[in-house]
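Observations on the three-dimensional arrangement
Chain by chain, the residues:
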Amino acid sequence: MRNRILAIAAIAGAISAPIAAQAQTEITTGVVRGGSVIVDDDAGIAVDRRPAFREYIVRERVPNYTIQDRVIVGGVLPEAGITYYDVPQTYGLTPYRYTVVNGQTVLVEPRSRRIIQVVE
């Protein structure tokens, strides 16, 4: 009887291990439209300039746009309905534009509208 219980437990463990591993993978990885994204944090607003940049956004009263998708690095913003602004040179020379989406300031690659940085 004891051997039968151990055998059943071993089989159940062997069956559930791949399922648990798959669930773990699904939780820790995400899919972004357009494939994998490698983020160079130096490409956007430098860490020491972010507080001043956020204050600038508030001062300029940049409108907040609402979209249904989550705002994540690598995500692509809609083609229409959002206005993109040039980043002032005082916050660093960058080829990106910024906007505010779902209450978050983001840097966007202008041609693809891909989010490069969420400025926090």
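We now turn to the structure provided with this report. (Residues numbered from 1 in each chain as written. Predicted model: local features only at pLDDT ≥ 70, side-chain atom pairs only at ≥ 80, totals over all residues. Heavy atoms only, no water.)

Remarks on the pattern of salt bridges
Taken as a whole, this structure holds 1 salt bridge when the rule is applied. Residues Asp-86 and Arg-97 are paired through a salt bridge, measuring 2.3 Å at the closest nitrogen-oxygen approach. One end of the pair, Asp-86, is in strand 2 (residues 85-86); the other, Arg-97, is in strand 3 (residues 97-101), and 11 residues separate them in sequence. Since its relative accessible area comes to 31%, Arg-97 is described here as partly exposed. (Salt bridge = Lys/Arg side-chain N within 4 Å of Asp/Glu carboxyl O. Helix = DSSP H or I, 4+ residues; strand = E, 2+ residues; numbered from the N terminus. Buried < 20%, exposed > 50% of the residue type's maximum accessible area, 1.4 Å probe, protein only.)

Remarks on the nonpolar core
Counting 13 residues, the largest nonpolar core has Ile-45, Phe-53, Ile-57, Val-87, Tyr-98 and Leu-107 as the members making the most contacts within it. Of all the secondary structure elements, the ones that give two or more residues to this core are helix 2 (50-60), strand 3 and strand 5 (114-119). Tallying contributions element by element places helix 2 first for this core, with 3 residues. Here Ile-57 is in contact with Val-62, Tyr-98, Val-100 and Thr-105, once residues within four sequence places are set aside. Judged by nonpolar contacts, the second largest core, of 10 residues, contains Tyr-65, Leu-77, Ile-82 and Val-101. (Core = buried A, V, L, I, M, F, W, Y, C linked by side-chain atoms within 4.5 Å. Contact = heavy atoms within 4.5 Å.)

So, the pairing of strand 5
Burial runs high along strand 5: 5 of the 6 residues are buried. Across 5 bridges, the pairing between strand 4 (residues 104-109) and strand 5 is antiparallel. Bridged to Leu-107 within strand 5 is Gln-117. Between the end of strand 4 and the start of strand 5, which pair antiparallel, lie 4 residues, with Arg-113 showing a positive phi angle near 65 degrees. (Pairing = 2+ DSSP bridges.)

Quick look at the packing of aromatic side chains
Inspection of every chain in the model, using the stated rule, returns 6 aromatic pairs. Ring centres 5.3 Å apart and planes at 65 degrees place the aromatic pair Phe-53 and Tyr-91 in the edge-to-face group. Note that Phe-53 is positioned in helix 2 and Tyr-91 in the loop between strand 2 and strand 3, a separation of 38 residues in sequence. Residue class for Phe-53 comes out buried when judged on its relative accessible area of 0%. Among the residues examined, Tyr-91 registers a relative accessible area of 9% and is labelled buried. Ring geometry for Tyr-56 and Tyr-91: centres 5.5 Å apart, planes at 50 degrees, overall tilted. Placement of Tyr-56 in helix 2 and of Tyr-91 in the loop between strand 2 and strand 3 is noted, with a sequence separation of 35 residues between them. Of the two residues examined, Tyr-56 and Tyr-91, each falls in the buried class. (Phe/Tyr/Trp six-rings, centres within 6.5 Å; stacked < 30°, edge-to-face > 60°.)

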